[in-house]
Amino acid sequence: MTQPSYQQQSRDLIDGLKSVCAHHGLGNDGNEYKIIVQVFLYKLLCDKFAWEMKRLESNLAESEDWIAAWHKLPESERDLLELQLGPDVPRLQPEQLIPSLFNRQSEPGFARLFDDKLIEIAAANHDIFAVRTEDGEKVPLFDRLSEYVTSGADKRDAFCRAMMNKLAAFSFEHLFSQKYDFYAALFEYLIKDYNKDNGGKYAEYYTPHAVATVMAEILVPQAQRGTVQNVTCYDPASGSGSLLMAVAHAIGEDRCSIWAQDVSQKSSSLLRLNLVLNKLVHSIPNIVQGNTILHPFHKDAHAPSKLQKFDYIVSNPPFKMDFSDFRDDLDSDANMWRFFAGIPKVPTKAKDKMAIYLLFIQHIIHSLKEGGKAAVVVPTGFITAANGIEKTIRQKLVDEKWIAGVVSMPSNIFATTGTNVSILFIDKASRDSVVLIDASGLGTKVKEGKNQKTLLSGEEEQRIVTTFNAREAVEDFSVVVGHEAIKAKNYSLSAGQYFDVKIEYLDLTPEEFAAKVGGHKERLAAMFKQSHELEKKVQGSLGELHLV
């Protein structure tokens, strides 16, 4: 079956699950995303287990009913098969699999049976697949999903049967050899309804694929692919993990470990799905749900009072958020080195506009190993702010020679926000010069719902990547500047401020010069005349309204 067919089937599954929720009064309910994500996780675990078992034992793959064939094997052979499963494979029993439950739908009390099996799976796979909180507790994989339906037992049975019918319609098994490019589109579709502007204080926004690609290809250039290994990749505001997936694929899933923290329970659940989809199950224990700024979880294994340092950091942190409730708790001696440039003060109005991204940038700089690399999405205003915390951070990056470059992206690269953004590239290996790229003129504008979005073509993404990695100056597109030049411009990191100013000189005869001046005079006179007429018209209208 071709890839587009699988994509469409996957979308149909998501739409089908949402339809079941809506039919049972759970559409747009606060619990809907939990049901969708957990049911989707159950589907993935079942199909991954089936795919791995059939891969180990070809007779099972060839059997018409592989579960029955597996069940008929001698116990010793079943145990041997299970021992051969990798540590990233869920452990399931025949009666917990989707086909087995599908065949028991007519039993009374099916909702309880369905919930019981989910809870059994959660208990058996708790150590590998459960996400931790900042308190160290592990969040169970599954809730008793039927209990979200508040009607009677018959309604709950019907709800679970409807879910099971959707899940049994097709299999993900053969897709576990696929990679990011397929799953990114599927994943974005899965979470799109939970990423809208009304997503609330901790709304999860999917970082555009173009941004993830540019980040990954600059941090891990093609020439270095296959040479990087045993490294740590971290995102302190991970969301669903699209940036981490991109950099992990550039390095190689078996050559790196993923580390993340995000305050959103929703994001942590989605990130776990993304790790299962992308052969990164080994990193699930490193995923933490919690407030990175107030309670950073990942600590140095050899010095628990210090934060863990990472080889690669990627992030698209929230730009603004009300953190007035815990702002003063951050202003402590323990945080003096982490927040070296300062902590934004609480404004008297518009507390929700507090620039929390400034804390994330400082946290990232502090959490980066010597020789490590980072890429961070920031509001473009950050790169030119004349003073304040923004300038102090830039000054540190330039004076320490840690800033590798900046790419200013086109407007509306994020459909959900009109804020212009840039990508800040940090390299603690120290750089002699800085690459500044103005990519604001690239891209094609398209409408996405009520919003306008800018899409970069593959060629435009590669133009940015190639120019940056070659550290090349291209007229009106990129410059390569020294640190002293940046200091002389108040530490501005805007490419436009370093482009050569071009003055065109034309040879004109006295007659040609007089003709040009005369033309300008005529146009000015016409504009003055039009302005005078408009002024009279406005005055007349105001007079009719007795306003003058």
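Because the structure is a prediction, the values reported are computed rather than measured.

What am I meant to see in the environment of valine 465 here?
Mapping valine 465 onto the fold places it in helix H17 (residues 458-470). For the pair formed by valine 465 and glycine 441, sequence separation is 24 residues and the distance between their alpha carbons is 15 Å. For valine 465, the residues in contact, after removing those within four places along its chain, are Val214, Glu217 and Ile218.

Is there a simple way to think about the packing of helix H11 (residues 209-219) against H17 in this case?
Helix-helix packing is described using two parameters, namely the angle between the two axes and the distance between the axes. Between H11 and H17, the least distance of the axes is 10 Å, while the angle of their chain directions is 25 degrees. Taken together, the axes of H11 and H17 lie roughly parallel to each other. For the crossing formed where H11 meets H17, the hand is right-handed. Listed contacts from H17 to Ala210, Thr213, Val214, Glu217 and Ile218 of H11 are Glu461, Gln462, Ile464, Val465, Phe468 and Asn469. Split into classes, the residues belonging to the contact of H11 with H17 amount to six nonpolar, three polar and two charged.

Sorry if this is basic, but what is going on with the sheet that holds strand E2 (residues 138-139) here?
The strands making up a sheet are joined through hydrogen bonds of the backbone, oriented either antiparallel or parallel. As summarised here, the arrangement of the 11 strands in space is E2-E1-E5-E4-E3-E8-E9-E11-E10-E12-E15, forming an open sheet in which the pairing is mixed. The open sheet terminates on both sides in strands that have one partner only, identified here as E2 and strand E15 (478-482). Where strand E10 (residues 403-408) and strand E12 (residues 433-438) come together, four bridges link them in parallel fashion. The residue bridging serine 408 from the neighbouring strand is aspartate 438, located in E12. Packing of helix H12 (residues 242-251) onto the sheet brings it into contact with strand E3 (231-235), strand E4 (256-262) and strand E8 (310-315), and relative to E3 it is tilted by some 165 degrees.

Would you explain H17 in this entry?
Since the α-helix turns once every 3.6 residues, residues separated by three or four places project in the same direction. The terminal C-alpha atoms of H17, which comprises 13 residues, lie 18 Å apart, in line with the 18 Å expected from a rise of 1.5 Å per residue. Taken together, the buried positions of H17 are Glu460, Glu461, Ile464, Val465, Thr467 and Phe468. Each buried residue of H17 sits inside an arc of 165 degrees when the element is viewed along its axis, so together they form one side. Along its buried surface, H17 packs onto H11, E10, strand E11 (421-427), E12, strand E14 (451-455) and E15. Looking one or two residues beyond H17, the residue adopting positive phi is arginine 471, at roughly 50 degrees.

Hey, could you run me through a nonpolar patch on the surface in this one?
A cluster of nonpolar side chains, namely Leu506, Leu508, Phe513 and Val517, defines an oily patch on the protein surface of about 380 Å² accessible area. Structurally, leucine 508 can be placed in the loop between helix H18 (483-488) and helix H19 (510-544).

Sorry, what's going on with the pattern of salt bridges here?
It is possible for side chains bearing opposite charge to pair when their charged atoms get close. What the rule picks out here adds up to 14 salt bridges. Of the charged contacts, one joins lysine 54 and glutamate 173 as a salt bridge, the two residues approaching to 3.0 Å between their closest N and O atoms. Of the two residues, lysine 54 sits in helix H2 (residues 32-56) while glutamate 173 sits in the loop between helix H9 (153-167) and helix H10 (180-191), which places them 119 residues apart along the sequence. Side by side, lysine 54 and glutamate 173 carry an identical accessibility label, which is buried. A salt bridge links glutamate 147 to arginine 144; the nearest nitrogen and oxygen atoms lie 3.3 Å apart. By relative accessible area, glutamate 147 is classed as exposed at 52%. The class of arginine 144 is partly exposed, set by a relative accessible area of 29%. Ionic contacts of the salt-bridge type, sharing partners, join the residues Lys48, Glu52 and Arg55 into one network.

How do you make sense of the packing of helix H15 (residues 357-367) against helix H16 (residues 388-399) when you look at a structure like this?
Orientation of H15 relative to H16, taken along the N-to-C sense of each, is 20 degrees, at an axis distance of 11 Å. The orientation of H15 with respect to H16, classified from their angle, is roughly parallel. As for the relative orientation of H15 and H16, their crossing is left-handed in sense. Contact residues: Tyr357, Leu358, Ile361, Gln362 and Ile365 in H15; Ile389, Glu390, Ile393 and Leu397 in H16. Residue composition of the contact of H15 with H16, grouped by class: seven nonpolar, one polar and one charged.

Quick question: what am I supposed to make of the environment of leucine 456 here?
As for its placement among the helices and strands, leucine 456 is situated in the loop between E14 and H17. Take leucine 456: its relative accessible area is 12%, and that puts it in the buried class. With 104 residues separating them in the primary sequence, leucine 456 and aspartate 352 have C-alpha atoms 31 Å apart. Ignoring anything within four residues of it in the chain, the contact list for leucine 456 reads Ala210, Met409, Pro410, Ile413, Leu442, Gly443, Glu461 and Ile464.

What's the story with the confidence of the model for the chain in this structure? I'm lost.
Predicted coordinates in areas of low pLDDT are best not read in detail. The predicted model of the chain averages 87 in pLDDT, with 92% of residues at 70 or higher. Note on residues 197-204: pLDDT is under 50 here. Beyond four places in sequence and across chains, it has 15 contacts.

Please explain the pairing of E12 as it appears in this structure.
A regular strand places its side chains on the two faces of the sheet in alternate fashion. Most of E12 is tucked away: five of the six residues are buried. Relative to E15, E12 is paired through five bridges, and the arrangement is antiparallel. Its bridge partner lying in E15, valine 434 is registered against valine 481.

How should helix H13 (residues 265-277) be read in this particular structure?
With 13 residues, H13 extends 19 Å from end C-alpha to end C-alpha; this agrees with the ideal 18 Å at 1.5 Å per step. For H13, a buried count of 12 out of 13 residues is recorded, marking the element as mostly surrounded by other parts of the structure. Here H13 has its buried residues at Lys266, Ser267, Ser268, Ser269, Leu270, Leu271, Arg272, Leu273, Asn274, Leu275, Val276 and Leu277.

For this particular structure, what's the right way to read the pairing of E4?
Most of E4 sits inside the fold, with seven of its seven residues counted as buried. Alignment of E3 against E4, held across five bridges, turns out to be parallel. In the strand pairing of E4, threonine 232 is matched with serine 257. Taken together, the three bridges between E4 and strand E5 (residues 287-289) define a ladder with parallel strand orientation. Paired with glutamine 261 across the strands is valine 288, a residue of E5. With respect to chirality, the unit in which E4 leads through H13 into the neighbouring parallel E5 is right-handed.

Just to check I follow, could you spell out the packing of aromatic side chains for this structure?
Centre-to-centre distance and the angle between the planes together describe a pair of aromatic rings. According to the stated counting rule, one finds 13 aromatic pairs in the structure shown. Over the ring of tryptophan 51 we find arginine 55, and its NZ or CZ is 4.9 Å from the ring centre.

Conventions used here
- Residues numbered from 1 in each chain as written.
- Predicted model: local features only at pLDDT ≥ 70, side-chain atom pairs only at ≥ 80, totals over all residues.
- Heavy atoms only, no water.
- Helix = DSSP H or I, 4+ residues; strand = E, 2+ residues; numbered from the N terminus.
- Contact = heavy atoms within 4.5 Å.
- Axes fitted to C-alpha atoms, helices over the stretch in contact; angles between N-to-C directions.
- Parallel < 35°, antiparallel > 145°, perpendicular 65-115°, else oblique.
- Left-handed = near helix turned anticlockwise from the far one by under 90°.
- Nonpolar A, V, L, I, M, F, W, Y, C, P; charged D, E, K, R; others polar.
- Pairing = 2+ DSSP bridges.
- Expected span 1.5 Å × (residues − 1).
- Buried < 20%, exposed > 50% of the residue type's maximum accessible area, 1.4 Å probe, protein only.
- Arc of directions from axis to C-beta.
- Patch = residues over 30% accessible without salt bridge, like charges linked within 9 Å, V, L, I, M, F, W, Y side chains within 5 Å.
- Areas by Shrake-Rupley, 256 points an atom, 1.4 Å probe, with all protein chains shown as cover.
- Salt bridge = Lys/Arg side-chain N within 4 Å of Asp/Glu carboxyl O.
- pLDDT = per-residue confidence, 0-100.
- Right-handed = clockwise from strand over helix to strand, strands pointing away.
- Phe/Tyr/Trp six-rings, centres within 6.5 Å; stacked < 30°, edge-to-face > 60°.
- Lys NZ or Arg CZ within 6 Å of the ring centre and 35° of its normal.

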